[in-house]
Amino acid sequence: MNKPLLAALSSLAIAGLGATPAVAAPHTAAKPTTKAAAVTVNFAGTVSLSNCSGSVVRFPNSADTDPALVMTNGHCLETGFPAPGEVITGQSSSRSFGLLNSSGTRVATLRANQVVYSTMTDTDVTIYRTTTTYAKIKSSYGISPLTVQDTHPTAGTPIKVVSGYWKRIYSCNVDGFVYRLKEGDWTWKDSLRYTSSCNTIGGTSGSPVIDTNTGKVVAVNNTGNEDGQRCTENNPCEVDANGNVTVRQGINYAEETYLIPACFTTGNKLDLSAAGCTLPKP
């Protein structure tokens, strides 16, 4: 995983905050898209957690009066990593988030009252319900949520990974997709692989991955192969449909989010039995 902050400090002290991971193993990169960026991506709507990054998100059918949701990684859950096969829903929470404006200035503290959904199985995501609404956040601070795209991202798309923790934005392209990404005891499906310039570090876990053509969230940043090891913690490996394993040292990954909107209904309520919802169930 792109480790929560404390686990990353020792390596940062040695390598420096802006250190670049080792050169990745050779692979065929997708051709970058030639479409000009249609939106300006900044920090507005992102949040900082105690040890991770995240964002205030809405779905295409969310209403302004719905409880605002915050998305980060499953491995950023305050009660610890969900076990393989574990899905957590409806768990009480009082976690706080620092809401950032476009320049990365903290303008408010949002607070959760529930872990709506959290897992590290097939994907790596936690979604919190906050005690306020999108409309109240907009009226008080002039900040709108980020919208989660409900269609699969495309290889070659220009993206930005926006870390509310470090107040740092990484720019690269979608390099491709991984049939299975395995790290330690966890396995993720159809993961998104970055081109090498998104050299994310500890504390960037949970950052929204934003399509710069649309401004929509297409994935949540979660891991990278740090040391070139094979399928160990902090050293994920790629496994194809035939079981072949590839290790790409220095390359980082995210988990796609397009499946999530189908699992939320009126009022931003989770419904894992909804038509089209394929997220893992408890």
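Residues numbered from 1 in each chain as written. Predicted model: local features only at pLDDT ≥ 70, side-chain atom pairs only at ≥ 80, totals over all residues. Heavy atoms only, no water.

Here the focus is the environment of Thr154. As for its position among the elements, Thr154 is in the loop between strand E8 (146-147) and strand E9 (158-163). Taking the C-alpha atoms as reference points, Thr154 and Asp175, separated by 21 residues in sequence, lie 9.1 Å from one another. Excluding residues that lie within four positions of it along the chain, Thr154 makes contacts with Val174 and Phe177. (Helix = DSSP H or I, 4+ residues; strand = E, 2+ residues; numbered from the N terminus. Contact = heavy atoms within 4.5 Å.)

The next subject is the packing of aromatic side chains. One pass over the full model with this rule turns up four aromatic pairs. Pairing Phe59 with Phe264 gives two aromatic rings, centres 4.7 Å apart and planes at 35 degrees, and the pair type is tilted. One end of the pair, Phe59, is in the loop between strand E2 (53-58) and strand E3 (67-72); the other, Phe264, is in strand E17 (residues 264-265), with 205 residues separating them in the sequence. If you follow Arg58 out to its NZ or CZ, it ends over the ring of Tyr134, 5.5 Å from the centre. Seen from the ring of Tyr179, Arg180 lies directly overhead, with NZ or CZ sitting 4.1 Å from the centre. (Phe/Tyr/Trp six-rings, centres within 6.5 Å; stacked < 30°, edge-to-face > 60°. Lys NZ or Arg CZ within 6 Å of the ring centre and 35° of its normal.)

Turning our attention to the pattern of salt bridges. Here the idea is simple: oppositely charged side chains can pair when their charged atoms come close. According to the stated counting rule, one finds six salt bridges in the structure shown. In this structure, the salt-bridge partner of Arg193 is Glu238, at a minimum N-O distance of 2.9 Å. Within this pair, whereas Arg193 is found in strand E11 (residues 186-194), its partner Glu238 is found in strand E14 (residues 237-239), the two being separated by 45 residues in sequence. You'll find Arg193 and Glu238 in the same group, each marked buried. In this structure, Arg248 engages Glu238 in a salt bridge whose closest nitrogen and oxygen atoms are separated by 2.9 Å. (Salt bridge = Lys/Arg side-chain N within 4 Å of Asp/Glu carboxyl O. Buried < 20%, exposed > 50% of the residue type's maximum accessible area, 1.4 Å probe, protein only.)

A few words on the pairing of strand E6 (residues 106-119). Two strands pair when backbone bridges link them, and strand E4 (residues 87-92) and E6 are joined in this way by five bridges, in the antiparallel orientation. Within E6, the position partnered with Thr89 by the bridge is Tyr117. Here strand E5 (residues 96-100) runs beside E6; their pairing, made up of five bridges, is antiparallel. Looking across to E6, one finds that Leu99 is bridged to Ala108. Between the end of E5 and the start of E6, which pair antiparallel, lie five residues, with Gly104 showing a positive phi angle near 90 degrees. As judged from the six bridges shared by E6 and strand E7 (residues 125-133), these two strands associate in the antiparallel manner. The residue bridging Thr119 from the neighbouring strand is Val125, located in E7. Linking two consecutive strands that pair antiparallel, namely E6 and E7, is a turn of five residues; a positive phi of about 70 degrees is found at Asp122 within it. (Pairing = 2+ DSSP bridges.)

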